[in-house]
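# Structural overview for review
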Amino acid sequence: MLCYRFFQTVGNRNLIMPRKKKAGFDLRRALDRLDKVTSVTLEAREGVPEQVHVFDDPGDRSRKAVKSALAAGRPLLVRGEPGVGKTQLAMAAAKALGRPLISFVVDARCESRELLWQFDSVRRLAEAQVCGVLKCDEETVRKRLRERNFVKPGPLWWGFDWTSAVEQSKRYGEEAKLHDSDVEPAEGRVVLIDEIDKADSDLPNGLLEALGSGHFEPQDCERVAMSEPAPLVIITTNEERVLPDAFIRRCLVLHLEMPAEGELADFLIQRGKRHFPKASATLLRKAAEMLVKDRRESPLPRPGQAEFFDLLRSVMALGTGERKRLALLKATEEFTLKKHTGAA
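Predicted model, so just to flag it, every value in this text is computed and none were measured.

Quick notes on the rules
- Residues numbered from 1 in each chain as written.
- Predicted model: local features only at pLDDT ≥ 70, side-chain atom pairs only at ≥ 80, totals over all residues.
- Heavy atoms only, no water.
- Helix = DSSP H or I, 4+ residues; strand = E, 2+ residues; numbered from the N terminus.
- Lys, Arg positive; Asp, Glu negative; His and termini not counted.
- Charge placed at Lys NZ, Arg CZ, Asp CG, Glu CD.
- Expected span 1.5 Å × (residues − 1).
- Buried < 20%, exposed > 50% of the residue type's maximum accessible area, 1.4 Å probe, protein only.
- Core = buried A, V, L, I, M, F, W, Y, C linked by side-chain atoms within 4.5 Å.
- Contact = heavy atoms within 4.5 Å.
- Pairing = 2+ DSSP bridges.

### Considerations on the overall build of the protein chain
Of regular secondary structure, the protein chain possesses 14 helices and 12 strands. Counting only C-alpha atoms and orienting by the principal axes, one finds that the protein chain spans roughly 75 × 45 × 40 Å. Separation between the mean location of the 57 positive side-chain charges and that of the 52 negative ones in the protein chain comes to 4 Å.

See the structure below:
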């Protein structure tokens, strides 16, 4: 099942040709852009509320990892427990760099080819039936049923070569649409392959050649080669399955972890201030202490940063005063933090 999405700039898979680059790609300029960003506001999308990503993790590791992946031209594999901010890191990197984000959410049925291209056999069969009804001549049938007309670019095709993906998308039958003017595909793309551990090992193994060589050949199409600048490919895993060693060797790896228990409350409070500036210091402190306690007592997977934000978001929306919001914390905790049987 194909399930990739174009966030921020390509909302419904309708695309536009990138503007012609005025100069060659400057890696140093891209790295400097990342260095200047301290936080990124991510607009609300598809039912997800507005979020703020802050580059404030200990040692500035996430920013350094993204910069290293850009410089090395390698995918960045981001490992960590659910809710720690792996997906949001990719979205923030795209926004900070001014690049379109092409997102593909992996599920148990996904195959590696879907990340490269998809052949629409059902559409081709329907076209053949139309040709039969219209009694088209042999040459017309041959042209209309050529396999390349039914090949749809996948997320890595968009990441490797945006221009050829736009051309192929039009051939497939998708029209172009203007996207956010702040984003420049010619300056690079960010591809997010989310939760790769949901699929079996055939999926990462099937990407080895394309990611290693920087090219692939879609069905009945010209070879797709990685254009400059190389895309920033960010891959996330919740560690539900072990990834093949050969795949990991082709990636840079970032382990995102929640701070140690003694530092976690202060960390959450600082994040909470960014997301909920109207929340009181008392409310943030009590919510953070609740999460720290629940992480200590809950079975795996433990509540994380995402659950902390859900708790605050609910309380801030449901309560109109400090006293009421503090009272709501305990009542809402049951639904936002204690999600598993056996949680105290």
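### Describing helix 3 (residues 86-97)
In an α-helix there are 3.6 residues to a turn, and that puts residues three or four apart on one side. Taking 1.5 Å of rise per residue, 12 residues should cover 16 Å, and helix 3 covers 17 Å from first to last C-alpha, within 8% of that figure. Counting buried positions along helix 3 gives 10 out of 12 residues, so the element sits mostly inside the fold. Looking only at helix 3, the buried set comprises K86, Q88, L89, A90, M91, A92, A93, A94, A96 and L97. Positioned one or two residues after helix 3, G98 has a phi angle of 70°, which is positive.

### Examining the nonpolar core
Considering soluble globular proteins, one finds that nonpolar side chains tend to be buried as a cluster. With 53 residues, the main nonpolar core has V66, L76, L232, I234, L268 and F308 as its most contacted residues. Element by element, the count of residues in this core is highest for helix 3, at 8 residues. Ignoring anything within four residues of it in the chain, the contact list for L232 reads V66, A69, L70, A93, L97, R99, R189, V190 and V191.

### Re the pairing of strand 8 (residues 190-194)
Two faces belong to every sheet, and in a regular strand the side chains alternate between them. The buried count for strand 8 comes to 5 of 5 residues, which makes it a mostly enclosed element. Residue alternation in strand 8 divides its side chains into two sets, V190, L192 and D194 and V191 and I193, and both sets are buried. Pairing of strand 8 with strand 11 (residues 232-237) involves 4 bridges; the strand directions are parallel. Within strand 11, the position partnered with V191 by the bridge is V233.

These results come straight from atomic positions and should not be treated as a statement about function.
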